[in-house]
Amino acid sequence: MKELIEVKEGLVRLKLPPQALKPLGERKPKPPVFYNPEAVLNRDVAVLVVRTLSKAAGEGLRVCDALAGCGVRGLRFLAEGLGVKEAVLNDLNPDAVRFIQLNTEINGLSGRVEIYNLDARVLLLERKVRLQGFDFVDIDPFGSPASFVQSAVLSLKPGGVLAATATDTAPLSGTYPRVCLRRYWARPLKTEYYPEVAVRILLGFIARNCTTVDRGLEPILVHRTTQYIRVYARVHRGVKTAEETMNKMGYLNHCFRCLHRFFVDLDTPPGGKCPNCGDRLSWAGPLWMGRIFDADFCHKLREEYITSHLSSKRELGRLIEAIDAESRGAATYYVTDRVSSLLKASPPAKNIIIENLRKMGYTATPTHFDGKGFRTDAPIRDIIMVFKKTSGSSKPTP
Ligand SMILES: C[S@@+](CC[C@H](N)C(=O)[O-])C[C@H]1O[C@@H](n2cnc3c(N)ncnc32)[C@H](O)[C@@H]1O
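Rules of the game
- Residues numbered from 1 in each chain as written.
- Predicted model: local features only at pLDDT ≥ 70, side-chain atom pairs only at ≥ 80, totals over all residues.
- Axes fitted to C-alpha atoms, helices over the stretch in contact; angles between N-to-C directions.
- Helix = DSSP H or I, 4+ residues; strand = E, 2+ residues; numbered from the N terminus.
- Parallel < 35°, antiparallel > 145°, perpendicular 65-115°, else oblique.
- Contact = placed C-beta atoms within 7 Å.
- Nonpolar A, V, L, I, M, F, W, Y, C, P; charged D, E, K, R; others polar.
- Core = buried A, V, L, I, M, F, W, Y, C linked by C-beta atoms within 7 Å.
- Buried ≥ 20, exposed ≤ 12 C-beta atoms within 10 Å, placed from the backbone.
- Domains from an automatic or database assignment.
- Pairing = 2+ DSSP bridges.

Caption draft 1: A look at the packing of helix α1 (residues 40-57) against helix α11 (residues 295-307). In the contact formed by α1 and α11, the axes pass within 9 Å of each other and the chain directions differ by 105°. Taken together, the axes of α1 and α11 lie roughly perpendicular to each other. In contact with Leu48, Val49, Arg51 and Thr52 of α1, α11 contributes Phe297, Lys300, Leu301, Glu304 and Tyr305. Counted by class, the contact of α1 with α11 contains five nonpolar, one polar and three charged residues.

Caption draft 2: Spotlight on the nonpolar core. Ranked by size, the top nonpolar core spans 114 residues in total, and within it Leu162 and Leu202 carry the most contacts. With 10 residues, helix α9 (residues 194-211) is the single largest residue contributor to this core. When residues of this core are sorted by domain, at least three fall in each of domain 1 (5-36 + 55-288) and domain 2 (333-398). If near-sequence neighbours (up to four positions away) are discounted, Leu202 is found in contact with Ala166, Leu172, Tyr184, Ile229 and Val231.

Caption draft 3: Structural detail: the pairing of strand β6 (residues 134-139). Burial analysis of β6 places six of its six residues in the buried class, which makes it a mostly covered element. Of the strand pairs in this sheet, strand β3 (residues 61-65) and β6 are connected by three bridges, and their pairing is parallel. Counted as the bridge partner of Asp65 is Asp138 from β6. Relative to strand β7 (residues 156-166), β6 is paired through five bridges, and the arrangement is parallel.

Caption draft 4: Expanded view of the domain arrangement of the protein chain. Annotation of the protein chain at the domain level lists domain 1 (5-36 + 55-288) and domain 2 (333-398). In this assembly, 12 residues from domain 1 lie in contact with 11 residues from domain 2. Where the side of domain 1 that touches domain 2 is concerned, the elements lending two or more residues are α9 and β8 (215-224). Residues belonging to the side of domain 1 that touches domain 2 are distributed by class as follows: five nonpolar, three polar and four charged.

Caption draft 5: Inspection of the sheet that holds β8 at higher detail. Across the sheet, which stays open at both edges, the seven strands sit in the order β5-β4-β3-β6-β7-β9-β8 with mixed pairing between neighbours. Of all strands in the sheet, those with a lone pairing partner are β5 (113-116) and β8, marking the two edges. Across the sheet, the mean angle from the axis of one strand to that of its neighbour is 15°, orientation sign disregarded. Sheet topology note: the β8/strand β9 (residues 229-237) ladder contains nine bridges and is antiparallel. For Pro219, the partnering residue across the bridge sits in β9 and is Ala233.

Structure representation (structure tokens):
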């Protein structure tokens with residue numbers, strides 16, 4: 001392996017071919033191993049999650065980076081994850097595996113790593129590999145994680161955490177509804193809060209994979225950028241938890257005329273007439289209707305960020321803070337521009353809207369999903385009233 005470049009990410013050093021460091025669109029010829037410097041934020045959050053889980057567990061975690069590329073993620077879990085006892089790193093590409101081996105050696109981590117060159121699905125179902133199960137499994141593929149979900153669910157210890165990245169945001173967000181239906185068996189919807197709908201479709205897909213094998217799902221954290229969505233969820237064992245998970249599945253009804261939206265359970269057909277304005281409802285799903293954040297976990301994550309070696313990272317800090325603030329917020333968010341477009345008025349400042357909603361006794365928080373977004377349990381009529389008061393509009397509303 002000649003002419004390698006050394007880079008540092010977090011507390012690990014990486015040897016990589018020079019092409020692997022070029023911008024994604026300029027990598028010709030294709031490098032033998034994949035590394036994406038733009039995914040550092042994604043990996044930083046994962047490291048903080050593993051640290052937070054390690055502290056709560058009190059004993060060494062066994063983690064798996066099933067699609068490891070050059071190994072950076074799994075090696076960072078070992079070097080920065082505090083209580084990670086051992087990591088299984090795997091990639092289907094034999095060249096990638098050579099880089100995983102090299103990077104493991106140069107970081108002095110060989111004693112705590114098992115390296116495999118298998119299809120991730122085979123690895124995760126292999127009895128010898130999973131032993132008593134993993135505490136944390138990371139699925140970070142090109143595109144959709146759908147085909148890896150069931151084997152990852154089966155490989156976890158009771159209460160273990162599944163982390164999954166989806167970069168196929170166009171299907172999940174409603175640009176290609178047929179592709180979303182094919183991959184996730186759910187209908188997406190292009191609303192102004194489409195990234196949350198995308199997250200709920202992915203969680204719903206994971207939840208259904210859990211219930212088919214008598215497992216239950218408990219999301220602890222989700223986040224999004226323009227390139228991907230990312231979910232973290234605990235997987236519990238037993239029929240009772242699988243039943244509880246079923247009760248958190250349903251459909252989202254959305255009215256494009258007045259912006260009213262609400263969930264219905266699996267026994268209630270979606271669609272029909274909007275109870276607020278009488279227009280025809282559009283719908284998405286089946287999807288996850290339950291909470292997408294564990295507020296206590298998100299708070300601990302923030303504390304972990306503040307005291308960790310990653311505390312100087314501004315973008316990471318902003319994200320973790322925003323998630324902590326919204327983690328107790330209502331399901332789905334509104335976007336100021338969209339609400340204002342109903343009133344044909346210019347959008348007021350989001351913070352004033354939030355303040356006024358709180359004064360009326362509603363919960364209201366910003367959201368990391370959208371800089372102009374806010375979560376609230378206020379009904380759309382009262383949201384409109386607050387917008388009208390703030391912007392002085394007298395236009396009749398739907
Ligand atoms: C997006 S990259 C992983 C990046 C890595 N997790 C990181 O954080 O840098 C996806 C990797 O999955 C590997 N891969 C693709 N299909 C696979 C499969 N079925 N099983 C295991 N690895 C696979 C590819 O070779 C590639 O290295």
